[in-house]
Amino acid sequence: MNPPVLDALIIGAGFSGMYQLHCLRDRQGLSALVLEAGAGVGGTWYWNRYPGARCDSESHSYCYSFSQEMLQEWEWSERYPEQPEIMRYMNYVADKFDLKRDIRFNTRVIAAHWDAPANLWRVETEAGQSYAARYLITAVGCLSTANVPKFLGLESYEGRWVHTGEWPHEGVDFTGLRVGQIGTGSTGIQSIPVIAAQAASLTVFQRTANYSTPARNHPLSPEFQAWVKANYGEIVQTMRETRNGHWFRIKDRSIFDVTDEEREAAFEESWEKGGLQFRSEFGDITTNLEANSKAAEFIKRKIRETVKDPEKARLLSDIDHPYAAKRPPIDTGYFEAMNLDHVSLVDVKANPIVEITPKGVRTTAGEYELDMIVFATGFDAMTGPLLRLNITGRDGVALRDVWAAGPRSYLGLQVEGFPNMFTITGPGSPSVLTNMPVAIEQHVEFITTLIAHMRAEGVARIEPEAEAVADWLVKVNEASHETLLPQAASSWYLGANVPGKPRVFMPYAGGMAKYRGICEEVAAEGYKGFVLERETALT
Ligand code: N01
């Protein structure tokens, strides 16, 4: 039996999918359904329950801004929201807008194909259900496909292993265990101090040393909460105007405009304040290598001052890329945890991991016996969540093949040959270089307006022009080279963390504000760069 035809199918019930459902169903009056693999809302936060999981964006800016009522109603408790608090927030939003009735949980999409004669997307789930819809909207996030390196012998390991991005919901008790953790990215840096506080021993396997600045998390005072609520209009305005979508502005001064003493004082003050603002202290930190090296040296010195063991301090401060060329972590006691006697650091750049043995991890320097291994090894970022949906477009062409040499899209929103499919925060959009809710709201609103336009104008089909895709690819590439981002050889922005993945800089680095302007211009010029086919053209 043919499934009933919906207006829109949305894949994923995180920040993107929930807002998209609200926009299409409640504002446009369309029939829309969300298919979600997890048993609840939350997206990335539903899966990333690892110890210490907390957002690096400040809570009052890590939320939806579309509803004044919600901004006034919801109360964040700490400077950075912890995973359980974000889950409470997501459930609050879902309940407020009665979203769950149109979300099918425990429903993993395993394939989607474009049925050209019917002008529909047909979607299959793991449980064998079929769905059909006019528009397919992927809201699968950028960091939702766990990257478990294919280590030789993993299946022979007699202990337990877990990936931070697929953390057991019942939690993990490390008491009395010899734990090994592979990975020191934003996730690993958060989990290490928390695991160290419980485990009998913690062996950290570091491949690339990382910069980190202190988060300085704290409970929010009633005065700050009141200030935020009174000033939300201005805060949201700033988030929309800045490059990264944060609530603070990047300072409009060069590192070379100040004396050595003034620079040092500015860095010290910023270090004490904590958070991602550190990279915004001077406008050229992320664009000029010489300016960047001043910030990098400051952080490396702080690491050496904090870490007492000279060898650990050397390994942790021997960083091979410019500051913030990889996503800069912020931490709560990461370098301090390295001072604990039961925390050891293994350099797996000098002595790579050879295999996982039944007893633990073997590097070229020896074997480490472990009761548990934590993989904080990140994600098959940006393209991974989309490719695992097994999407085929016009003429049965697979997205996997179209993207074999790297993702190609127009504005990170649509792929040529995949009509009426929209990718929220897809590769080629600012997405991961932005405070995510800001990027998500902009994309969802663009897609909603575009669909409304199509319906009003009798447009049955939309996809980008080949030329627009080619031009956008050049722009994405150029924008990345205006920054220092491509200079980190092992960054996941480049796909370099997954062996065999094409090395292409995936997000648009021109800044959220500029991108928003480009999208507005595209819409104002009748969706320039898209091919819009009317109903009559199809009959
Ligand atoms: O992943 P990562 P993540 N052998 O890819 C190492 C967001 N996030 O989960 O750098 C040995 O950054 C790898 O080493 P290297 C944020 O955008 C947000 O930490 O490739 N090591 C690296 O050390 C972030 O950037 C928040 O040499 C291996 C680590 O594993 C993104 O998620 C919190 C290896 C992976 O680091 C991803 O962060 C957390 C191997 N074979 C994350 N393979 C908040 O805002 C990989 N590694 C809360």
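Calculation rules
Residues numbered from 1 in each chain as written. Predicted model: local features only at pLDDT ≥ 70, side-chain atom pairs only at ≥ 80, totals over all residues. Heavy atoms only, no water. Helix = DSSP H or I, 4+ residues; strand = E, 2+ residues; numbered from the N terminus. Expected span 1.5 Å × (residues − 1). Contact = heavy atoms within 4.5 Å. Near = heavy atom within 4 Å. Polar contact = N/O pair within 3.5 Å; in protein donor to acceptor, adjacent residues only side chain to side chain. Areas by Shrake-Rupley, 256 points an atom, 1.4 Å probe, with all protein chains shown as cover. Nonpolar A, V, L, I, M, F, W, Y, C, P; charged D, E, K, R; others polar. Phe/Tyr/Trp six-rings, centres within 6.5 Å; stacked < 30°, edge-to-face > 60°. Buried < 20%, exposed > 50% of the residue type's maximum accessible area, 1.4 Å probe, protein only. Lys NZ or Arg CZ within 6 Å of the ring centre and 35° of its normal. Pairing = 2+ DSSP bridges. Axes fitted to C-alpha atoms, helices over the stretch in contact; angles between N-to-C directions. Core = buried A, V, L, I, M, F, W, Y, C linked by side-chain atoms within 4.5 Å.

Asks: Quick question: what am I supposed to make of helix α8 (residues 260–273) here?
Replies: Along an α-helix, a turn takes 3.6 residues, which lines up residues three or four apart on a common side. Here α8 contains 14 residues, and its C-alpha end-to-end distance of 20 Å stays within 8% of the 20 Å for a straight helix at 1.5 Å per residue. Close packing links the buried residues of α8 with β10 (213–214) and α9 (289–306). Within two residues after α8, G274 carries a phi angle of roughly 80°, on the positive side.

Asks: Could you clarify how one ought to interpret the environment of Y92 in this entry?
Replies: Tracing the backbone through its elements, the reader meets Y92 in helix α4 (residues 83–96). C-alpha of Y92 to C-alpha of L485: the two residues are 393 residues apart in sequence and 36 Å apart in space. Look past the residues within four positions of Y92 in its chain and what remains in contact with it is M70, E73 and W74.

Asks: Honestly, the site of the ligand in this entry has me stumped. Any pointers?
Replies: If you check the shell around the ligand, you find 25 residues, and the closest are R54, T187, R207, T208 and K326. Between the ligand and the protein, one listed contact pairs an oxygen atom with a backbone N or O atom of T184 at 2.9 Å. Taking T208, its side chain carries an N or O atom lying 2.4 Å from an oxygen atom of the ligand. For the ligand, the accessible surface in isolation is 910 Å², of which the surrounding protein chains cover 90%. Here the shell around the ligand gets three residues from one element, more than from any other, and that element is helix α5 (residues 186–196). Residue composition of the shell around the ligand, grouped by class: ten nonpolar, ten polar and five charged.

Asks: Mind showing me how you'd approach the packing of aromatic side chains here?
Replies: Centre-to-centre distance and the angle between the planes together describe a pair of aromatic rings. Under the counting rule described, the total for this entry stands at 39 aromatic pairs. Taking the centre distance of 5.6 Å and the plane angle of 85° together, the rings of F267 and F282 count as edge-to-face. Of this pair, F267 sits in helix α8 while F282 sits in the loop between α8 and α9, and the two are 15 residues apart along the sequence. As far as the burial class goes, F267 and F282 line up, both buried. One aromatic cluster is present, formed by F15, Y19, W45, Y62, Y64, F66, W74, W76, Y89, Y92 and F97 through successive ring pairs. The side chain of R49 reaches across the aromatic face of Y46, ending 5.0 Å from its centre.

Asks: Would you explain the environment of L33 in this entry?
Replies: Along the polypeptide, L33 turns up in strand β2 (residues 32–35). For the pair L33 and N210, spaced 177 residues apart in the sequence, the C-alpha separation amounts to 41 Å. Filtering out sequence-adjacent residues up to four positions away, L33 remains in contact with L6, A8, L9, I10, L21, D102, R104 and Y131.

Asks: Explain the sheet that holds strand β15 (residues 366–369) to me, please; I cannot follow it from the model alone.
Replies: What links the strands of a sheet is backbone hydrogen bonding, and the strands pair in either a parallel or an antiparallel sense. Strand order across the open sheet formed by three strands is β13-β14-β15, with antiparallel pairing between neighbours. On the outer flanks of this sheet lie β13 (353–356) and β15, each paired with one strand and no other. Averaged over all neighbouring strand pairs, the angle between strand axes comes to 20°, with direction disregarded. Here four bridges tie strand β14 (residues 360–363) to β15, and the two strands are oriented antiparallel to one another. When the sheet's bridge partners are listed, V361 is paired in β15 with Y368.

Asks: Looking at this structure, how should I read the nonpolar core?
Replies: Nonpolar side chains tend toward joint burial in soluble globular proteins. The biggest cluster of nonpolar side chains holds 90 residues, and the ones touching the most others in it are Y64, Y89, I137 and L411. Element by element, the count of residues in this core is highest for helix α14 (residues 436–457), at ten residues. Once residues lying within four places of it in the same chain are set aside, the contact partners of Y89 are F15, C63, Y64, M70, W74 and W76. Core analysis: the second largest hydrophobic core is formed by 45 residues, V162, V172, Y211 and A313 among them.

Asks: Help me out: how do you make sense of the sheet that holds strand β16 (residues 372–375) in this one?
Replies: Judged by pairing direction, the sheet is parallel, and its five strands sit side by side in the order β7-β16-β8-β9-β12 without closing on themselves. At either margin of the open sheet sits one strand with a lone partner, and together these are β7 (160–163) and β12 (343–347). Here the average twist between neighbouring strands, direction ignored, is 20°. As judged from the four bridges shared by strand β8 (residues 178–182) and β16, these two strands associate in the parallel manner. Its bridge partner lying in β16, Q181 is registered against V374. Sheet strands in contact with α5 are β8, β9 (201–206), β12 and β16, and its direction is about 175° off that of β8. The strands touched by helix α10 (residues 310–317) within the sheet are β9 and β12, with β12 carrying the most contacts at an inclination of about 50°.

Asks: Looking at this model, I keep getting lost on the side chain of T483. Mind explaining?
Replies: As for its placement among the helices and strands, T483 is situated in the loop between α15 (466–481) and α16 (512–524). Reaching out from T483, the side chain makes a polar contact with the backbone oxygen of S480 at a distance of 2.7 Å. Setting aside residues up to four positions removed in sequence, T483 forms contacts with R243, T286, T287 and A509.

Asks: When you look at unusual backbone geometry in this model, what are you seeing that I'm missing?
Replies: Apart from glycine, the bulk of residues carry a negative phi angle, and the bulk of peptide bonds sit in the trans form. Phi at S431 is positive, roughly 25°, even though this residue is not glycine. Summarising the element assignment, S431 is placed in the loop between β18 (421–423) and α14. Residue class for S431 comes out buried when judged on its relative accessible area of 1%. Phi at Y527 takes a positive value of approximately 60°, unusual for a residue other than glycine.

The analysis is restricted to geometry; functional conclusions fall outside its scope.
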